[in-house]
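Coordinate inspection notes
Given next are the chains, with one letter for each unit.
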Amino acid sequence: MFGVGSPFSGGNHLKQKKYRGIERKLAIWGFGFNVPSLIFFAIFSFAPIIYAIYMSLYDKRVLSLKTPPFVGLKNYIDIFTNKGIGFINSLKSSAIFSFGAFFPLVIFSLIFSVLLYNNFKPSTQRKFEIMWYTPAVLSSVVATTIWMLIFDPRGLGNQVLNLIMNTPGVDHKWTTNPSMLRFCTIMVYFWKYIGYYIVLFITGLGTIPGTVYEAARIDGASRFQCFTRITLPLLKPTISLVSVLCLIHCLKTFSTQYMFYQSGAPLKPINVISLSIYTTGITNQRIGRACAMSIILFAAMIILSIAQLKLINTDDVDY
Amino acid sequence: MSKEIKTPGYIVYKIFVLVLMVLLVLLTITPLVFMVCASFMTSKQILAIPFSWIPNPVQFSNFYKAVAGTLNTWTFPRNMLNSFIVSIAVTLSTLLLAGMSGYGLAKFRFKGKNFVFITIMSTMMIPFEAIMIPMYMISQKLHLMNSYMGLIIPYLVSAFGIFQMRQYLLTFPGEYLDAARVDGMGELGIFLKLVMPNSAPVLATLAITTFRSQWDNLLWPLLVVQDAKLKTVPLYITSFSEEKHADEGALMAVALLSSLPMLIAFFALSKYFIGGSEVYESRKG
């Protein structure tokens, strides 16, 4: 770290020895600065995940005092074959929610950010960004509370939809119909995060030099061509990163589904993986089984994270 | 963008874009306005058909009910305080520990540095949802249940925070550090008096991210806290909405009161909320 000309980069033997001493002292400090974090992660990240892997091989139930019997992969086989546990349904609910929220979020935030970026001056952009971003400031619990009231049978949701569709007095069963309930949870997410992802895209758009567009316009490219031939390819790194971030985000959802479930909505359509782990492990005390579910979620997360790392490293654009 | 010729098609396009933008504003803002209006209404008014946006009569008692709770237990102020205590404690420790780690990784050379960095980064792949059951059991063993410590300790530092600090400090001029060393400053002194004060922008962004995620946290407090006095705001809202005779107006008043700190912070410091976008920061690395 010390360049030539730095007071510590001496040449002769005596200085070399002193230099080594300082270098060693600094190495110890450098490592020392990391020790608290490493201890923290050892106890609160690595130990729990190893413990989860270990426990997933045992038939552990908290209430029983005797040491749990070793059952090998039985918990994994159970959650995938026993329909009564409902883990397959959880995987399905998570997949529907994740993709159902992911595609609208990424596509709409991309479209809106490009339109905003290309058509308005920066100060106006800022105003729109702030208005779109405000829902993201609220906590998921508050966001869900507001929307649950809107989706009440007598609430605004029915009234607005009836006004648009000209069907007075119809109850659209927002929270009782399974597909509508799924739509409700997705709606809460879309509302809360659309502004957040637009802001991410705007930042990405800011890295594309304006000269590229000017050159294209001079060559007679249309607005649409500019979008498909310049914006999309040059924005590819941002798009792929935002996509993975959004998928990870959606896969980890808990609060929204938990709130709907607690307010009396049917559990099955919205029993996403994290909610399933919670009910299996905490409510029903089937620790071993819940840990097996956790490991499946962990595996999904590793795959997504590796994809993210690959994207960070290989997809950069040079101008 | 360059000046364009104002053909009718161009004007139609501009109007179309503006309409789209305003429609999205309507979607994002309407539920917020609904929350504010509804917090001044009786449940009857909130669920009236057709809905009228202006509260009549204005129902200030909702806020009394929100703060006092339906059973007059007055736990809400205490729960707000808990949320502040936990969020501030987690934020401070994250700033300090992430600052230390990030500084160590960015500005020092030591054996196994890459390994340490990769080890820390790999914890980002472990979702909290996957380790909540073991964490619950570990916390029971460590007697962290039903305590502030139990709420704070599992979040003392985050890998993302360390990453952000490291990326920022990579560009910190090493000459300053050497000069301070020559002047006889200790390593801790350099970190606390030179590095940290000069990292204000990244610290502000990191502080906001951390504070928000704690303010929003429902899952872990749900597991670790049973005592009503130790509950945080998200838990108060869930238990409030579960109570059978809680009325909707008071519920919206709770929602509004609990969001006010974040909303005020957002409108005052929107630069740090919107400017510090994670993806862009990680791309630059």
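Residues numbered from 1 in each chain as written. Chains lettered and ligands numbered in written order. Predicted model: local features only at pLDDT ≥ 70, side-chain atom pairs only at ≥ 80, totals over all residues.

What chain B contains, in helices and strands, is 16 helices and zero strands. What you see for chain B is a C-alpha radius of gyration of 24 Å, clearly larger than the 19 Å of a compact globule of 285 residues, by over 25%. Across its three principal axes, chain B shows a C-alpha extent of roughly 75 × 70 × 35 Å. Counting the 285 residues in chain B, one finds 43% classified as buried. Sequence-distant contacts, at least 24 apart, represent 75% of the contacts inside chain B between residues at least 6 apart. (Helix = DSSP H or I, 4+ residues; strand = E, 2+ residues; numbered from the N terminus. Rg over C-alpha atoms; globule rule 2.2 N^0.38 Å. Buried ≥ 20, exposed ≤ 12 C-beta atoms within 10 Å, placed from the backbone. Contact = placed C-beta atoms within 7 Å.)

With that out of the way, let us pick up the overall build of chain A. Scanning chain A from N- to C-terminus turns up 12 helices and zero strands. For chain A, the C-alpha radius of gyration of 26 Å lies well beyond 20 Å, the compact-globule estimate for 319 residues. By its C-alpha atoms, chain A is 90 × 75 × 30 Å across when sized along the principal axes. Burial analysis of chain A (319 residues in total) assigns 39% to the buried set. Put simply, of all contacts in chain A between residues at least 6 apart along the chain, 70% involve residues at least 24 apart.

All right, on to the environment of A:L115 then. Here A:L115 is to be found in helix α3 (residues 87–119). Residues A:L115 and A:F227 lie 112 residues apart in sequence; the distance between their C-alpha atoms is 9.9 Å. Discounting chain neighbours no more than four positions away, the residues touching A:L115 are B:V17 and B:L20.

To continue, consider unusual backbone geometry. Non-glycine residue A:K173 carries a positive phi angle of around 50 degrees. Its place among the elements puts A:K173 in the loop between α6 (156–165) and α7 (178–205). Despite not being glycine, B:N146 has its phi angle at roughly 55 degrees, a positive value. Along the polypeptide, B:N146 turns up in the loop between α6 (128–141) and α7 (148–152).

On to α6(A), then. Every buried residue of α6(A) is accounted for by A:L156, A:G157 and A:N158. In this structure, the buried residues of α6(A) make contact with α5 (140–150) of chain A together with α1 (8–38) of chain B.

How big an interface is tends to be expressed through the accessible area that disappears when the partners come together. Residue and element names in this part refer to chain A. Examined at the domain level, chain A breaks down into domain 1 (1–55) and domain 2 (74–314). Summarising the inter-unit geometry, the C-alpha centres of domain 1 and domain 2 are found 40 Å apart. Between domain 1 and domain 2, the residue contacts involve four residues of the former and six residues of the latter. Grouping the constituent residues of the side of domain 1 that touches domain 2 by class yields four nonpolar, no polar and no charged. (Domains from an automatic or database assignment. Nonpolar A, V, L, I, M, F, W, Y, C, P; charged D, E, K, R; others polar.)

Here we come to the environment of A:E214. Residue and element names in this part refer to chain A. Turning to its location among the elements, E214 is positioned in helix α8 (residues 210–218). Given 12 C-beta atoms within a 10 Å radius, E214 is considered exposed. The spatial distance from the C-alpha of E214 to the C-alpha of C226 is 9.9 Å, given a sequence separation of 12 residues.

Counting 145 residues, the largest nonpolar core has A:I146, A:W147, A:Y197 and B:A255 as its most contacted members. Element by element, the count of residues in this core is highest for α7(A), at 16 residues. Leaving out residues up to four positions away in the same chain, B:A255 has contacts with A:V142, A:T145, A:I146, B:M35 and B:I237. (Core = buried A, V, L, I, M, F, W, Y, C linked by C-beta atoms within 7 Å.)

As a further point, take the interface of chain A and chain B. On the chain B side, the residues contacting the 88 residues of chain A number 81 residues. The element best represented in the side of chain A that touches chain B is helix α1 (residues 13–55) of chain A, accounting for 20 residues. Class assignment for the residues of the side of chain A that touches chain B results in 58 nonpolar, 24 polar and six charged.

A few words now on the domain arrangement of chain B. Partitioning chain B into domains gives domain 1 (8–68) and domain 2 (76–246). Using C-alpha coordinates to define each centre, domain 1 of chain B is positioned 36 Å away from domain 2 of chain B.

Bringing the confidence of the model for chain A into the picture now. A residue-level look at chain A finds 91% of positions with pLDDT of 70 or above and a mean pLDDT of 86. Here residues 1–11 of chain A is modelled with pLDDT under 50, and outside its nearest four sequence neighbours on either side it reaches 18 contacts, counting other chains as well. (pLDDT = per-residue confidence, 0-100.)

What follows covers the environment of A:A42. Following the sequence through the fold, A:A42 ends up in helix α1. Distance in space between the C-alpha atoms of A:A42 and A:L115 is 46 Å, their sequence separation being 73 residues.

This part covers the packing of α5(A) against helix α13 (residues 233–242) of chain B. At a minimum axis distance of 9 Å, the contact between α5(A) and α13(B) shows a crossing angle of 25 degrees. Between α5(A) and α13(B), the angle falls in the class roughly parallel. When the axes of α5(A) and α13(B) are compared, the crossing they make is left-handed. Along its contact with α5(A), which presents A:V141, A:V142 and A:T145, the element α13(B) presents B:P234, B:I237, B:T238 and B:S241. Residue composition of the contact of α5(A) with α13(B), grouped by class: four nonpolar, three polar and no charged. (Axes fitted to C-alpha atoms, helices over the stretch in contact; angles between N-to-C directions. Parallel < 35°, antiparallel > 145°, perpendicular 65-115°, else oblique. Left-handed = near helix turned anticlockwise from the far one by under 90°.)

Looking now at the confidence of the model for chain B. Residues and elements named next belong to chain B. Per-residue confidence for chain B gives a mean pLDDT of 87, with 93% of residues at or over 70. Between the elements of chain B, mean pLDDT differs from a low of 40, seen in helix α16 (residues 278–284), to a high of 95, seen in helix α4 (residues 76–107). A low-confidence stretch, residues 277–285 (pLDDT under 50), is modelled with 18 contacts involving residues beyond four sequence positions or located in other chains. Listed scores for the predicted complex are pTM 0.87 and ipTM 0.88.

Attention now goes to the packing of helix α8 (residues 159–170) of chain B against helix α11 (residues 200–216) of chain B. Residues and elements named next belong to chain B. Two numbers describe how α8 lies on α11: the axes approach to 10 Å, and their chain directions differ by 170 degrees. Taken together, the axes of α8 and α11 lie roughly antiparallel to each other. Listed contacts from α11 to G161, Q164, M165 and Y168 of α8 are V202, L206 and T210. A per-class count over the contact of α8 with α11 returns four nonpolar, three polar and no charged.

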